[in-house]
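# Reading the structure
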Amino acid sequence: MHTTRSRARFAAVCATALCVTGALSLPALASSSPSPSAVSALDKQFLAAAHQGNLWEITTGEQAQSAATTACVKRVGRDFIRDHRTLDAGVVKTATRLGVTLPSGQTEAQLRQTADLKRLAGTRAYDAAWLKAQYPAHVQTLALIDKEIASGANPVVKSLAKSARPVVARHTEMVNHGMCHA
């Protein structure tokens, strides 16, 4: 049984990272999970896109650790790795509980973007391109989260989206319009 204090602690941890405790501490997940039939197409779309987005954020965050030239981009990349690993653990656990099959990897567009970034590794152009790629990705993720919160059918998936929102909003500010704000 989770308390309001646990939820507040979870929110604080999310704001510091990107959900260090993951969806495992969400009260909605402690209750019996709805059947897979209670999962809408939007819920499935959200879980799949969140998973692929998390994979991309982890990959590009790891890449930034060796390819970035500024401490700010490296720090933001580290935060993204930590937070998106935690968020993805919640996505995977939720999808498994609900019987939703997730994509096995990133989209082709994400893979191309990662490869394009890699070609700039070790240059100032890398840092600028990395930040420029991160900002719209997080803005799009916020839009998807808001759509799930407003129109999703499954309460567990909606709760997952609600818990991710402050973290993704924080990340958006960290790369606001292609400028690094660690």
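Right above here is the structure, for reference.
None of these values were measured; they are calculated from a predicted model. (Residues numbered from 1 in each chain as written. Predicted model: local features only at pLDDT ≥ 70, side-chain atom pairs only at ≥ 80, totals over all residues. Heavy atoms only, no water.)

## Brief notes about the nonpolar core
- In terms of nonpolar packing, the biggest core is built from 19 residues, with Phe46, Leu47, Val91, Val100 and Ile145 touching the most fellow members.
- Every element with two or more residues in this core is listed here: α3 (41-67), α4 (71-98), α6 (124-151) and α7 (155-174).
- By residue number, the principal contributor to this core is α7, which donates six residues.
- When near neighbours in sequence (up to four residues on either side) are disregarded, Val100 contacts Val39, Lys44, Leu47 and Ala95.
- Core analysis: the second largest hydrophobic core is formed by 13 residues, Ala67, Leu117, Trp130 and Tyr135 among them. (Core = buried A, V, L, I, M, F, W, Y, C linked by side-chain atoms within 4.5 Å. Buried < 20%, exposed > 50% of the residue type's maximum accessible area, 1.4 Å probe, protein only. Helix = DSSP H or I, 4+ residues; strand = E, 2+ residues; numbered from the N terminus. Contact = heavy atoms within 4.5 Å.)

## Overview of the side chain of Asp127
- Structurally, Asp127 can be placed in helix α6.
- Lacking a salt bridge, the buried Asp127 has Arg124 as its closest oppositely charged neighbour, with an N-O distance of 7.7 Å.
- Setting aside its immediate chain neighbours within four residues, Asp127 contacts Ala67, Ala68, Thr69, Thr70 and Val73. (Lys, Arg positive; Asp, Glu negative; His and termini not counted. Salt bridge = Lys/Arg side-chain N within 4 Å of Asp/Glu carboxyl O.)

## Describing unusual backbone geometry
- One non-glycine residue, His177, lies in positive phi territory at about 50°.
- Summarising the element assignment, His177 is placed in the segment after α7.

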